[in-house]
Amino acid sequence: VREIAARAGVIPALVHRYFGAKEHLLRAAMEQSQRQIAARIADIHDVRRDIGVLFHATLDEKEFVAALARASLDGVLPDFPAGYPTMGGLVRMIEERLGTQASAGRHDPRVIVACLGSMTLGYALFGEFILRGTRLDGEDRGRVEQAIIDVARDIVALALDPEATRSG
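Below you will find a few notes about this structure. Everything quoted here is computed from the prediction, not taken from an experiment.

Focus on the overall build of the protein chain
Item 1. Helices and strands together make up the secondary structure of the protein chain, namely eight helices and zero strands.
Item 2. Ordered by position from N to C terminus, the α and β elements of the protein chain give α-α-α-α-α-α-α-α.
Item 3. Per-residue burial for the protein chain yields a buried fraction of 33% across its 168 residues.
Item 4. Across the protein chain, the fraction of contacts at a sequence separation of at least 24, relative to all contacts at a separation of at least 6, is 68%.
Item 5. Accessible area of the protein chain: about 10700 Å², with a carbon and sulfur share of 55%.

The structure is reproduced here in structure tokens:
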């Protein structure tokens, strides 16, 4: 709280007076980050084509991702993210893309978004570890991240294709 107050240029008591418990401050900060991510992806009309926007919007909010991980591990804010605008918006977008074929889609749109969320949040949190573990840490970061986006795009395309055959 002291660090946040110092960044804001106020005394810690003012932060406590405005937000109360630390959990309220954490929730407010996380909701603000959600809104920033949601605003960046609001103009996405094709998840497959624009998946890079989602990927980079998440990477740009690493403090949010770290706070989310810590809060999840500690069991803080168990109802978070009720009404999460980014994930809910992506689910609706995929449902609209599938239209009347939503039930005929290869995968449930919620599962597709869960996979995208896992991929982007996981990379945002553990990217350095993942790159070292796969020996990609010596490669050009921009090219590696573009390749990850390309794979995600392929996964979404396959998941959305109701005509694709299931393997195994």
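So that's the structure; there's more coming.
As for the pattern of salt bridges
Item 1. Counted by the stated rule, this structure contains eight salt bridges.
Item 2. Counted as one network, the salt bridges with shared partners bring together Glu 3, Arg 7 and Glu 63.

A look at the layout of surface pockets
Item 1. In this structure, the largest pocket spans a volume of roughly 790 Å³.
Item 2. Along the wall of the largest pocket there are 25 residues; nearest its centre are Ile 4, Leu 25, Leu 26, Ala 29 and Ala 67.
Item 3. Among the elements of the structure, α1 (2-8), α2 (12-19), α3 (22-41) and α5 (62-74) are those that each provide at least two residues to the lining of the largest pocket.
Item 4. At seven residues, the largest contribution of residues to the lining of the largest pocket is made by α3.
Item 5. Grouping the amino acids of the lining of the largest pocket by side-chain chemistry returns 16 nonpolar, one polar and eight charged.

Section: unusual backbone geometry
Item 1. Positive phi, close to 60 degrees, is recorded for Arg 135, a residue that is not glycine.
Item 2. Mapped onto the fold, Arg 135 is located in the loop between α7 (109-133) and α8 (141-160).

Here's the deal with a nonpolar patch on the surface
Item 1. Taken together, Leu 125, Phe 126, Phe 129 and Ile 130 make up a surface patch of nonpolar side chains, about 390 Å² in accessible area.
Item 2. Within the secondary structure, Ile 130 is located in helix α7.
Item 3. Classification of Ile 130 by relative accessible area gives partly exposed; the value is 35%.

A word on the packing of α3 against α5
Item 1. Interaxial distance between α3 and α5 falls to 10 Å at its minimum, and their mutual angle equals 135 degrees. As far as their axial angle goes, α5 and α3 are oblique. Here α3 and α5 pass one another in a crossing that is left-handed. Mapping the contact onto sequence places Leu 26, Met 30, Ser 33, Gln 34 and Ile 37 in α3 and Phe 64, Ala 67, Leu 68 and Ala 71 in α5.
Item 2. In terms of residue class, the contact of α3 with α5 is made up of seven nonpolar, two polar and no charged.

Quick notes on the environment of Asp 150
Item 1. One can find Asp 150 in helix α8.
Item 2. Accessibility expressed as a relative area gives 32% for Asp 150, which makes it partly exposed.
Item 3. Put simply, Asp 150 and Gly 52 are 98 residues apart on the chain and 8.4 Å apart in space, counted from C-alpha to C-alpha.

A word on the packing of aromatic side chains
Item 1. For the structure on display, the rule yields two aromatic pairs.
Item 2. With a centroid separation of 4.7 Å and an interplanar angle of 85 degrees, the aromatic rings of Tyr 18 and Phe 19 are classed as edge-to-face.
Item 3. By relative accessible area, which is 65% here, Tyr 18 ends up exposed.
Item 4. On the accessibility criterion, Phe 19 (26% relative accessible area) is partly exposed.

How each quantity is defined
- The written sequence of each chain sets the order in which its residues are numbered from 1.
- In keeping with the model being predicted, local features are shown solely for residues with a pLDDT of at least 70 and side-chain atom pairs are shown and tallied solely at 80 or more, while totals for entire chains, interfaces and linings include all residues.
- By convention in this description, side-chain values take in all heavy atoms of the structure and omit both hydrogens and water.
- Only DSSP runs of H or I with at least four residues qualify as helices, and only runs of E with at least two residues qualify as strands; both kinds are numbered from the N terminus onward.
- Residue burial is assigned from relative accessible area. The probe radius is 1.4 Å, only protein chains are included, and a residue is buried under 20% of its type maximum, exposed over 50%, and partly exposed in between.
- Whether two residues are in contact is decided by their heavy atoms, any of which lying within 4.5 Å being enough.
- The Shrake-Rupley method, run with a 1.4 Å probe sphere, supplies the accessible areas, and residue values consider only the shown protein chains as cover.
- A pair is scored as a salt bridge if a Lys or Arg side-chain nitrogen falls within 4 Å of a carboxyl oxygen belonging to Asp or Glu.
- Cavities and pockets are defined on a 1 Å grid built over the protein atoms alone: a cavity is a set of grid points where a 1.4 Å probe fits but cannot escape, while a pocket is an open set with protein on both sides within 12 Å along at least five of seven lines, and lining residues are those with an atom within 4 Å of any such point.
- Grid points are joined across faces, edges and corners, and a volume is the space filled by probe spheres set on the points.
- Three classes are used, and their members are as follows: Ala, Val, Leu, Ile, Met, Phe, Trp, Tyr, Cys and Pro are nonpolar, Asp, Glu, Lys and Arg are charged, and the others, Gly among them, are polar.
- Patches were defined on residues exceeding 30% relative accessible area and lacking a salt bridge, with like-charge contacts within 9 Å and nonpolar side-chain contacts (Val, Leu, Ile, Met, Phe, Trp, Tyr) within 5 Å.
- Interaxial angle, 0 to 180 degrees, is taken between N-to-C directions of lines fitted to C-alpha atoms, where a helix line uses only the stretch in contact.
- Angle categories are assigned with fixed cut-offs, so that under 35 degrees is roughly parallel, over 145 is roughly antiparallel, 65 to 115 is roughly perpendicular, and the rest are oblique.
- Two helices that cross are described as forming a left-handed crossing if the nearer one is turned anticlockwise from the farther one by less than a right angle, and a right-handed crossing if clockwise.
- Between 30 and 60 degrees the pair is tilted, below 30 it is stacked and above 60 it is edge-to-face, where a pair is any two Phe, Tyr or Trp rings, Trp via its six-membered ring, whose centres lie within 6.5 Å.

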